[in-house]
Amino acid sequence: MLAELIIAAEETPNPLLPAWYDIVYSLIPFILVLLLFWRVVLPRMQKTLDERAALIEGGIEKAESAQAEAKAALEQYNALLAEGRAEAAKIREQARAEGNAILAELKEAAQVEAARVTATAQQQIEAERQAALVSLRAEVGSLALDLASGVIGESLADDKRATALVDRFLADLENDAATSKKAAK
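Being a predicted model, the structure only gives us computed values, none of them experimental. (Residues numbered from 1 in each chain as written. Predicted model: local features only at pLDDT ≥ 70, side-chain atom pairs only at ≥ 80, totals over all residues. Heavy atoms only, no water.)

The secondary structure content of the protein amounts to three helices and zero strands. Reading the secondary structure of the protein in the N-to-C direction produces α-α-α. Out of the 185 residues in the protein, the part that is buried amounts to 4%. About 16,700 Å² of surface is accessible on the protein, with carbon and sulfur atoms providing 64% of the total. (Helix = DSSP H or I, 4+ residues; strand = E, 2+ residues; numbered from the N terminus. Buried < 20%, exposed > 50% of the residue type's maximum accessible area, 1.4 Å probe, protein only. Areas by Shrake-Rupley, 256 points an atom, 1.4 Å probe, with all protein chains shown as cover.)

Structure below.
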């Protein structure tokens, strides 16, 4: 029985290995599909990949060009900005100088005006002082004559000699006051 089993086993084909005609019939369509793929599909796919690569390289070149232009524009902008800042600083310095000049002119004008006002005030004070002296002289003279008339008992208002005496007395008083001021200095 063992011998019959071995003989039976040798006569049955291996289920894992296909028959020779199956291999040939499968190999022909495989080679045809492989040739079709090699001749038609692969060149078209290669062409598409080449186009994409060229497109990407063109995009990279455009991006590099745009980046270079942006860098140039940035440098130009920075140069213009620096120039603008320098011009603004120059304008500020000019404005400051003009402001100082105007301030100096205004101070000078104010000093001139103050000197004019002071001179006018001094003249007015001197005029008022002279008017007060004249008025005071007349009053003091009149009071002195009235007092002397009261002491003497006679009227001295008409007497020219009494008027001259009062004027001389006031002049002596002024001279004494001026001499004492000079001595105090």
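Scanning the entire structure with this criterion turns up one aromatic pair. Aromatic pair Trp-20 and Tyr-21: ring centres 6.1 Å apart, planes at 85°, arrangement edge-to-face. For Tyr-21, a relative accessible area of 41% translates into the label partly exposed. (Phe/Tyr/Trp six-rings, centres within 6.5 Å; stacked < 30°, edge-to-face > 60°.)

A separate point is the pattern of salt bridges. One pass over the structure, following the stated rule, counts three salt bridges. Two residues, Glu-93 and Arg-96, come together in a salt bridge whose shortest N-O distance is 2.7 Å. Here Glu-93 and its partner Arg-96 are both found in helix 2 (residues 20-152), three residues apart, which amounts to about one turn of the helix. Residue class for Glu-93 comes out partly exposed when judged on its relative accessible area of 47%. (Salt bridge = Lys/Arg side-chain N within 4 Å of Asp/Glu carboxyl O.)

On the surface, Leu-36, Phe-37, Trp-38, Val-40, Val-41, Leu-42, Met-45 and Leu-49 cluster together to form a nonpolar patch covering roughly 740 Å² of accessible area. Counting through the fold element by element, Trp-38 comes out in helix 2. A relative accessible area of 57% means that Trp-38 is categorised as exposed. (Patch = residues over 30% accessible without salt bridge, like charges linked within 9 Å, V, L, I, M, F, W, Y side chains within 5 Å.)

Here we come to the confidence of the model for the protein. This prediction gives the protein a mean pLDDT of 84; 85% of its residues lie at or above 70. Per-element mean pLDDT across the protein ranges from 70 in helix 1 (residues 2-11) up to 90 in helix 2. (pLDDT = per-residue confidence, 0-100.)

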